[in-house]
Amino acid sequence: MTHRAAVIGAGPAGFYTTDQLLGAGWEVDLYDALPTPFGLVRSGVAPDHPKLKSVTRIYEKTAAKPGFRFFGGVELGRDVTREELLERYHAVVYAVGTADDNRLGIPGEDRPGSYSATEFVAWYNGHPEYCGHRFDLSGGRAVVIGNGNVAIDVARMLVLDPSELAPTDTADHAIEGFASSTVDEVILLGRRGPAQASFTNPEVRELGELLRADVVCDPAQVAEATEPETPTARRNVEMFRDYAEREPQGKSHRIELRFLRSPIEILGEGEDGPVTGVRVSVNRLEGGRAVPTGEEEVIECGLVLRSIGYRGRPLDGLPWDEKRGLIANERGRVGPGEYCVGWIKRGPSGVIGTNKKDAADTVARILEDEQAGTLGTPTDADPDAVAAWLTERVPDAVTWEGWQAIDAAERAAGEPQGRPRVKLVTLEALREAGRLTPAR
Ligand code: NAP
């Protein structure tokens, strides 16, 4: 008997898992809450990084394999329940990522003008839930809190020259927003030192190559950096040193890397008036940890983007590791017939390719259980019956062919502008383009 899996979440972790299960002779139904596949490759990876996005070609090959089906616009918990999936599949694999942002837990965090980087990234990438958001980019200075690659992405996007943005698939509403932005200075704030930043090397290098922004770094902070513990950190510190020694070229914009500062309050007018600044504590390092020195500073700004990592959102009925914000799991095994993979399994770390190895780990558990005869025991696994059930439940679910129609429409719209695509950004437009009528 062919075993059948439901993989929930069509991002990199979901696709690598799907590919490996298909390779092991399984049939896979890949679900996504959005009508579109590819998760953070579509709605997270910065639009000026098209090479990273080209990984989707590998996922398209997976989708062309026999035994693959896609159901886009079907959300676990809203449209289908976990119990209903367990009745229909030998394995249900949760590849849902980490949907929530970590919180700073400081006063003023939710003032207008203080946003999570997640919202901002989703907005410029045309995620349908965020396309109606408005970001006030009318201030001069922005503070980005956090020293990870997401923080660097949003800092860079804020200062890109329109000519750098034009050939990308940045959502049209965001291209307009950036065009009228008056943000000309971004301070990237790290709570620890230069040697502890989580940036990867290519991202730090790019900061030094921006068309219209100088990158600035305090020489004293770099000189006092502790010994880097990894080759990546060592190379980062070398680049920070180079930036600290550079003479600013008088570009119209600047990005400043400022270390050893923890935000303690987002300042603004009144209790919930717009952001006017950030009060920070000056830190020193003690055993690798940031410890306040007692000294404080105020950085005036009109925009704050909080980029301090993500947490998972608990799923009904699944064991939860509260401390780590993940599904409690044993190398991807959650319970009989239930598995997890990607960020909801190991936390929000690593690059796209990390998920391939992670998927292999989870798929190994599934295949062990197949051998041991301890998979789920569905009562209604017939694939046609599953399709009929889903069609009744979510009549406008988008199939893989539907996604291909969306993809073709977006690419066709981008072509005359020399852009990879013009994204459709509302659920209505996506569903409409992905609707396959018999006439089509
Ligand atoms: P991240 O790499 O974990 O960075 C989170 C940052 O937030 C760290 O600098 C952390 O500092 C800081 N932070 C945490 N809590 C804080 C607090 N209370 N106050 C101040 N700072 C705080 O997370 P990320 O940037 O969200 O990225 C997630 C993953 O996606 C990473 O693996 C990243 O490499 C990957 N990614 C890759 C790319 C790329 O390859 N181009 C692009 C985007 C994202 P501490 O170190 O002191 O905790």
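Quick caveat: nothing in here was measured; it's all calculated off a predicted structure. One numbering rule holds for all chains: residues counted from 1, following each sequence as written. Only residues with pLDDT of at least 70 get local features here, since the model is predicted, and only at 80 or more are side-chain atom pairs given and counted; chain-wide, interface and lining totals rely on the full set of residues. Note: side-chain values were computed over all heavy atoms of the structure, leaving out hydrogens and water.

Moving on: the environment of Ala 213. Within the secondary structure layout, Ala 213 lies in strand β9 (residues 213–217). A sequence separation of 43 residues divides Ala 213 from Glu 256, and the C-alpha atoms of the two residues are 9.9 Å apart. With residues near it in sequence (within four places) discarded, Ala 213 still touches Val 159, Lys 251, His 253 and Arg 254. What counts as a helix is a DSSP run of H or I of at least four residues, what counts as a strand is a run of E of at least two, and both are numbered from the N terminus. Every residue pair with non-hydrogen atoms within 4.5 Å of one another is taken to be in contact.

By definition, two strands form a pair when at least two bridges between them are found by DSSP. Across the sheet, which stays open at both edges, the 6 strands sit in the order β6-β14-β7-β8-β10-β9 with parallel pairing between neighbours. Since the sheet does not close on itself, it has two edges, and those belong to β6 (114–116) and β9, each with one partner. Strand-to-strand twist of the sheet, defined as the mean angle between neighbouring strand axes without regard to direction, takes the value 20°. Bridge analysis of strand β7 (residues 141–145) against strand β14 (residues 303–306) gives 4 bridges, and the strand direction is parallel. Note on β14: the bridge partner recorded for Val 143 is Val 304. Sitting on the sheet, helix α6 (residues 117–124) touches β6 and β14, and the angle it makes with β6 is about 75°. To get an axis, a line is fitted to the C-alpha atoms, and for a helix only the part in contact is used. The angle between two axes follows their N-to-C directions and goes from 0 to 180 degrees.

Only heavy atoms are used to decide nearness, and a residue is near a molecule or strand if one of them lies within 4 Å of it. Close contacts around the ligand come from 21 residues, with Asn 147, Arg 191, Arg 192, Glu 203 and Gly 350 the closest. At 3.1 Å from an oxygen atom of the ligand is found a main-chain nitrogen or oxygen belonging to Val 150. For the purposes of these results, a polar contact is taken to be a pair of N or O atoms within 3.5 Å, where, inside protein, one atom must be able to donate a hydrogen and its partner to accept one; residues adjacent in sequence count only when each atom of the pair is a side-chain atom. Between the ligand and Gly 350, the relevant distance is 2.8 Å, taken from an oxygen atom to a main-chain nitrogen or oxygen of the residue. Ranked by residue count, the leading element in the shell around the ligand is helix α7 (residues 149–159), at 3 residues. Three classes are used, and their members are as follows: Ala, Val, Leu, Ile, Met, Phe, Trp, Tyr, Cys and Pro are nonpolar, Asp, Glu, Lys and Arg are charged, and the others, Gly among them, are polar. Looking at side-chain class alone, the shell around the ligand contains 8 nonpolar, 9 polar and 4 charged residues. Counting the residues that make up the shell around the ligand, at least three belong to each of domain 1 (4–99 + 311–433) and domain 2 (103–308). Note that domain bounds follow an automatic or database assignment of domains.

This paragraph deals with the pattern of salt bridges. When a carboxyl oxygen of Asp or Glu is within 4 Å of a side-chain nitrogen of Lys or Arg, the pair counts as a salt bridge. Under the definition given, this model contains 44 salt bridges. Put simply, Glu 87 and Arg 88 hold a salt bridge, and the shortest N to O gap is 3.4 Å. Here Asp 361 ties to Arg 365 by a salt bridge, and the two come within 2.9 Å at their closest N and O atoms. In this pair, Asp 361 and Arg 365 both sit in helix α14 (residues 354–372), 4 residues apart, roughly one turn of the helix. Where salt bridges share partners, they join Arg 331, Arg 333, Lys 345, Arg 346, Asp 358, Asp 361, Arg 365, Glu 368 and Asp 369 into one cluster.

This part covers the sheet that holds strand β1 (residues 4–8). As summarised here, the arrangement of the 6 strands in space is β3-β2-β1-β4-β19-β18, forming an open sheet in which the pairing is mixed. Where the open sheet ends on each side, the last strands, each with one partner, are β3 (68–72) and β18 (333–335). Taking each pair of neighbouring strands and ignoring which way they run, the sheet shows an average axis angle of 25°. Of the pairings in the sheet, the one linking β18 to strand β19 (residues 338–340) comprises 2 bridges and is antiparallel in character.

Right, let's talk about the domain arrangement of the protein chain for a bit. How big an interface is tends to be stated in terms of the accessible area lost upon association of its parts. Splitting the protein chain by domain gives domain 1 (4–99 + 311–433) and domain 2 (103–308). Distance from the C-alpha centre of domain 1 to the C-alpha centre of domain 2: 31 Å. Between domain 1 and domain 2, the contact holds 21 residues from the first and 23 residues from the second. At the boundary of domain 1 with domain 2, total buried surface from both sides reaches about 1,800 Å², with 55% on carbon and sulfur atoms. Once two parts are joined, some of their accessible surface, as seen by a 1.4 Å probe, is lost; buried area is that loss totalled over both. Of all residues in domain 1, Pro 47, Arg 419 and Val 425 bury the most surface against domain 2, accounting for 32% of the area lost on that side. On inspection of domain 1 and its partner domain 2, the count reaches 10 residue pairs in polar contact (both at pLDDT 80 or more).

Type-normalised accessible area, obtained with a 1.4 Å probe on protein chains alone, sets the label of each residue: buried when under 20%, exposed when over 50%, and partly exposed for intermediate values. Burial runs high along strand β2 (residues 27–32): 5 of the 6 residues are buried. For β1 and β2, the ladder comprises 5 bridges, and the chain directions are parallel. By the bridge assignment for β2, Ile 8 is matched with Tyr 31. The parallel pair β1 and β2, bridged by helix α1 (residues 12–23), forms a crossover whose chirality is right-handed. Relative to β3, β2 runs parallel, the two being bridged by 5 bridges. Across the sheet, the residue bridging to Val 28 is Phe 68, located in β3. Think of it like this: strands point away, you trace from the first strand over the helix to the second, and a clockwise trace means the crossover is right-handed.

Looking now at unusual backbone geometry. Of note, Phe 38 is a non-glycine position whose phi angle comes to about 90°, a positive value. Assignment of secondary structure puts Phe 38 in the loop between β2 and α2 (39–43). A positive phi angle, close to 50°, is found at Arg 331, a residue other than glycine. Relative to the helices and strands, Arg 331 resides in the loop between β17 (326–327) and β18.

Attention now moves to the packing of α6 against α7. Helix-helix packing is described using two parameters, namely the angle between the two axes and the distance between the axes. Their axes nearest at 10 Å, the elements α6 and α7 cross at an angle of 50°. Accordingly, the angle class assigned to the pair α6 and α7 is oblique. Between α6 and α7 lies a crossing of left-handed hand. Contacts from Ala 117, Phe 120, Val 121 and Tyr 124 of α6 reach α7 at Val 150, Asp 153, Val 154, Met 157 and Leu 158. Class assignment for the residues of the contact of α6 with α7 results in 8 nonpolar, no polar and 1 charged. The scheme is simple: roughly parallel for angles under 35 degrees, roughly antiparallel for over 145, roughly perpendicular for 65 to 115, oblique for anything else. Handedness of a crossing follows from how the near helix is turned relative to the far one, being left-handed for an anticlockwise turn of less than a right angle and right-handed for a clockwise one.

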